[in-house]
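Given next are the chains, with one letter for each unit.
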Amino acid sequence: MQHMKYQTLLYYCYSHIADAEQFAADHLKFCKSLGLVGRIIVADEGLNGTVSGTPEACKAYMEAIHADERFAKTEFKIDNVEEPSFIKMHCRYKSEIVHSGLRDNSIINPNEKTGKHLEPVDFMKMKDDEDVVILDVRSNYEHNLGKFKNAITLDIENFRDFPEKINELAQYKDKKILTYCTGGIKCEKASALLLHHGFNDVYQLHGGIIKYGKEAGGKDFEGKCYVFDNRIAVDVNQVNPTVVSVCYNCGTTTPKMINCANPECNEHITQCDACGEELQGCCSVACTTNPRKRPYDGTGYYVKVPQPVGKISLV
């Protein structure tokens, strides 16, 4: 087996940051000084990040985060990878660390009230009970690639569409609702919103699909898990894996996910290799004619300007 030279860290932390905009600028410099690449969102409510680099750089980063009392409880999900999972380092200030459109702390405050956190093994034990409903709170392109067996999915393009879908779930108010997402961050807000709307028995998968794969073998997670980095999709299930996603164009079963080669479309779709070749990585014939169409290299992932990784500078 090839030795994995890099690591990718996935994490979030809801904790108030007083001058979040300045923090974001300083934190970007700090990450670059460690030679990390990745994407971090900073908001007044906390941090949400995926960073990638050498094991030494990742260790230094985790130690620095844990040394800050605001983020001392942060949990990191660590993947060993062959290549860094990003090309550049971004750290940006935004209004929320996961965009829900709900900024009223009296409705949603993940530090005060959320669904009960279920560890992966406990989630696995509970998920098939008769009085349980498993709820996927992610977007269409994510759950189309993979989801828990028997999970309810919502027709949403972005998490900010979740609040308006709550009424569709009213029939499940007398059941135990088990929410899940990629790493746990969306469930903090989704479960709080469900509680606010009168759902009494709400749980969330602690650490999300990624932690479930690591600690519970990924049992009954069908397909792959979409991730927000160069890898696009990762395997989760080591117990009873299946492929559930189908090609957007021809309907053949395929686990491969791409971005449309037309940058003005950039749609996330699952596409088989044959259709990828035929349509040059586009989602439709119409997109192949766009003058800005990017060259298709078979991956369907497009990056901007590369940046060297792993060189720790002391500047």
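These figures come from a predicted structure and were not determined experimentally.

Explain the sheet that holds strand β1 (residues 6–14) to me, please; I cannot follow it from the model alone.
In a beta sheet, neighbouring strands are held together by backbone hydrogen bonds and run either parallel or antiparallel to one another. If you walk across this open sheet you meet the 5 strands as β4-β1-β3-β2-β5, and the pairing is mixed. Pairing within the sheet leaves two strands with one partner each, and these edge strands are β4 (77–81) and β5 (89–93). Averaged over all neighbouring strand pairs, the angle between strand axes comes to 10°, with direction disregarded. Sheet topology note: the strand β2 (residues 37–43)/β5 ladder contains 5 bridges and is parallel. For Ile41, the partnering residue across the bridge sits in β5 and is Arg92. Seen against the sheet, helix α1 (residues 20–33) touches β1, β2, β3 (46–53) and β5 and runs at an angle of roughly 170° to β5.

Is there a simple way to explain the pairing of strand β9 (residues 176–180) in this structure?
Judged by how many residues are buried, β9 sits mostly within the fold: 4 of 5 residues are covered. Strand direction decides the pairing type here: strand β7 (residues 132–136) and β9, joined by 5 bridges, are parallel. Directly across from Asp136, in β9, lies its bridge partner Tyr180. Crossover handedness for the path β9 to helix α5 (residues 185–196) to strand β10 (residues 202–205): right-handed.

When you look at the side chain of Ser33 in this model, what are you seeing that I'm missing?
Inspection of the secondary structure assignment puts Ser33 in helix α1. Ser33 gets classed as buried once you look at its relative accessible area, which sits at 18%. Only 2.6 Å separates the side chain of Ser33 from the backbone oxygen of Phe30, close enough to count as a polar contact.

Honestly, the layout of surface pockets in this entry has me stumped. Any pointers?
The gaps of empty space that remain are located by a probe, the size of a water molecule, rolled over the atoms. Counted as a void, the second largest pocket has a volume near 370 Å³. Around the second largest pocket, the lining is made up of 18 residues, and of these Tyr12, Cys13, Tyr14, Lys73 and Thr74 lie nearest the centre. Here the lining of the second largest pocket gets 3 residues from one element, more than from any other, and that element is β1. Broken down by class, the residue content of the lining of the second largest pocket amounts to 5 nonpolar, 7 polar and 6 charged.

Whenever I open this one, the pattern of salt bridges confuses me. Can you help?
Opposite charge on two side chains makes pairing possible when the charged atoms of those side chains draw close. Applying the stated criterion across every chain yields a total of 21 salt bridges. Ionic pairing is found between Glu96 and Lys189, a salt bridge with its closest N-O pair at 2.8 Å. Of this pair, Glu96 sits in the loop between β5 and β6 (116–118) while Lys189 sits in helix α5, placing them 93 residues apart in sequence. For the pair Glu96 and Lys189, one class covers both residues: buried. We note a salt bridge from Lys116 to Asp201, for which the minimum N-O separation is 3.0 Å. Of this pair, Lys116 sits in strand β6 while Asp201 sits in the loop between α5 and β10, placing them 85 residues apart in sequence. With a relative accessible area of 42%, Lys116 lands in the partly exposed category. On the basis of relative accessible area, Asp201 is assigned to the partly exposed category, the value being 24%. The network of salt bridges with shared partners includes Glu75, Glu119, Lys211 and Glu215.

How do you make sense of helix α6 (residues 208–216) when you look at a structure like this?
Spacing of three or four residues puts side chains on the same side of an α-helix, whose turn is 3.6 residues. For α6, the tally of buried residues reaches 7 of 9 residues, placing the bulk of the element in the interior. Listing the buried residues of α6 in full gives Gly208, Ile209, Ile210, Lys211, Tyr212, Gly213 and Ala216.

Which parts of the structure should I look at to understand empty space enclosed by the protein?
Within the structure shown, the criterion is met by 1 cavity of 30 Å³ or more. Empty space within the largest cavity amounts to approximately 30 Å³. Together, Val133, Leu135, Ile152, Leu169, Tyr172, Ile177, Leu194 and Phe199 line the largest cavity.

What exactly am I supposed to notice about the packing of aromatic side chains here?
Centre distance and the angle of the planes are the two values used to describe a pair of aromatic rings. For the structure on display, the rule yields 14 aromatic pairs. Where Tyr11 meets Tyr61, the ring centres are 5.9 Å apart and the plane angle is 55°; that geometry is what we call tilted. Here Tyr11, found in strand β1, pairs with Tyr61, found in helix α2 (residues 55–67); they are 50 residues apart in sequence, far enough to count as distant. For the ring pair Tyr226 and Phe228, a centre distance of 5.0 Å and an interplane angle of 80° mean the geometry is edge-to-face. For Phe228, a relative accessible area of 34% puts it in the partly exposed group. Chaining the aromatic ring pairs together yields one cluster made of Phe123, Phe148, Tyr180, Tyr212 and Phe221. Directly above the ring of Phe199 sits Lys173, whose terminal nitrogen or CZ lies 5.3 Å from the centroid. Here the basic side chain of Arg294 rests over the ring of Tyr302, its NZ or CZ set 4.0 Å away from the ring centre.

Analysis parameters
Residues numbered from 1 in each chain as written. Predicted model: local features only at pLDDT ≥ 70, side-chain atom pairs only at ≥ 80, totals over all residues. Heavy atoms only, no water. Pairing = 2+ DSSP bridges. Helix = DSSP H or I, 4+ residues; strand = E, 2+ residues; numbered from the N terminus. Axes fitted to C-alpha atoms, helices over the stretch in contact; angles between N-to-C directions. Contact = heavy atoms within 4.5 Å. Buried < 20%, exposed > 50% of the residue type's maximum accessible area, 1.4 Å probe, protein only. Right-handed = clockwise from strand over helix to strand, strands pointing away. Polar contact = N/O pair within 3.5 Å; in protein donor to acceptor, adjacent residues only side chain to side chain. 1 Å grid on protein atoms, 1.4 Å probe; cavity = no way out; pocket = protein on both sides within 12 Å on 5 of 7 lines; lining within 4 Å. Points joined across faces, edges and corners; volume = space filled by probe spheres on them. Nonpolar A, V, L, I, M, F, W, Y, C, P; charged D, E, K, R; others polar. Salt bridge = Lys/Arg side-chain N within 4 Å of Asp/Glu carboxyl O. Phe/Tyr/Trp six-rings, centres within 6.5 Å; stacked < 30°, edge-to-face > 60°. Lys NZ or Arg CZ within 6 Å of the ring centre and 35° of its normal.

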